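# Observations on the three-dimensional arrangement
One-letter residues, chain by chain:
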Amino acid sequence: MKTIEVDEELYRYIASHTQHIGESASDILRRMLKFTAGQPVRPVSTAASGSAEPEKATASRPRDRVRAMRELLLSDEYAEQNKAVNRFMLVLSTLYTLDAAGFAAATDALHGRTRTYFAGDQQTLLANGTHTKPKHVPGTPYWVITNTNTGRKRSMIEHIMLAMQFPAELTEKVCGTI
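Keep in mind that this is a model prediction, so the values were computed, not measured.

## Considerations on the overall build of the chain
Secondary structure summary: the chain contains ten helices and three strands in total. Taking all 178 residues of the chain together, the buried fraction comes to 34%. Taking the contacts inside the chain whose residues are at least 6 apart along the sequence as the reference set, 55% of them involve residues at least 24 apart.

So, in structure tokens, the structure goes:
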């Protein structure tokens, strides 16, 4: 498996074509490009790519994921958010960006007594609770309910971060900022 970097706009475009939760970017692109396994592919020359060695995604290593979350907390964008729901959405978006598969696994098991918290579409959330105020998590194929109190939002972030194996002290710090 090779890793490539794409800008935010292209990433959102690819993610917007997700048909089901957990679908990988490779699956989405294969479907969009009508490309099947075993089809001949023209190799990319190293001169065109600018490098003979494939780059590794920095966010895939645990230390870099921690750094990315700390940088989010220190960012101007995060500091400018004056509502808990906006900080909540920004944290969710960042967690998904750092580890989409880990995020999917963590959110699959996350639900309330009578409500579903995360889904691949708005209708699912509306069908599983009244007045849920679903919002699309930017840069992801997920929707989340947002009319929960700040304590519940913190609890959701705590569950996701611990399931994604972030350090407890960082998880606590992130939750404290929401």
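## So, the nonpolar core
With 38 residues, the main nonpolar core has Met 69, Leu 92 and Phe 118 as its most contacted residues. For this core, the secondary structure elements donating two or more residues are α4 (62-74), α6 (84-98), α7 (100-108), β1 (118-119), β3 (143-145), α9 (150-163) and α10 (168-177).

## Things to note about the environment of Asn 147
Along the chain, the position of Asn 147 falls in the loop between β3 and α9. Along the backbone, Asn 147 and Lys 133 are 14 residues apart, and their C-alpha atoms lie at a distance of 5.7 Å.

## As for the packing of aromatic side chains
For the structure shown, the criterion picks out four aromatic pairs. With centroids separated by 5.9 Å and ring planes inclined at 90°, the aromatic side chains of Phe 103 and Phe 118 adopt a geometry described as edge-to-face. Residue Phe 103 is located in helix α7, and its partner Phe 118 is located in strand β1; the two are separated by 15 residues in the primary sequence. Residue Phe 103 is classed as buried on the basis of its relative accessible area, which comes to 0%. A relative accessible area of 7% places Phe 118 in the buried class. Aromatic pair Phe 103 and Tyr 142: ring centres 5.1 Å apart, planes at 70°, arrangement edge-to-face. Of this pair, Phe 103 sits in helix α7 while Tyr 142 sits in the loop between β2 (134-136) and β3, and the two are 39 residues apart along the sequence.

How each quantity is defined
Residues numbered from 1 in each chain as written. Predicted model: local features only at pLDDT ≥ 70, side-chain atom pairs only at ≥ 80, totals over all residues. Heavy atoms only, no water. Helix = DSSP H or I, 4+ residues; strand = E, 2+ residues; numbered from the N terminus. Buried < 20%, exposed > 50% of the residue type's maximum accessible area, 1.4 Å probe, protein only. Contact = heavy atoms within 4.5 Å. Core = buried A, V, L, I, M, F, W, Y, C linked by side-chain atoms within 4.5 Å. Phe/Tyr/Trp six-rings, centres within 6.5 Å; stacked < 30°, edge-to-face > 60°.

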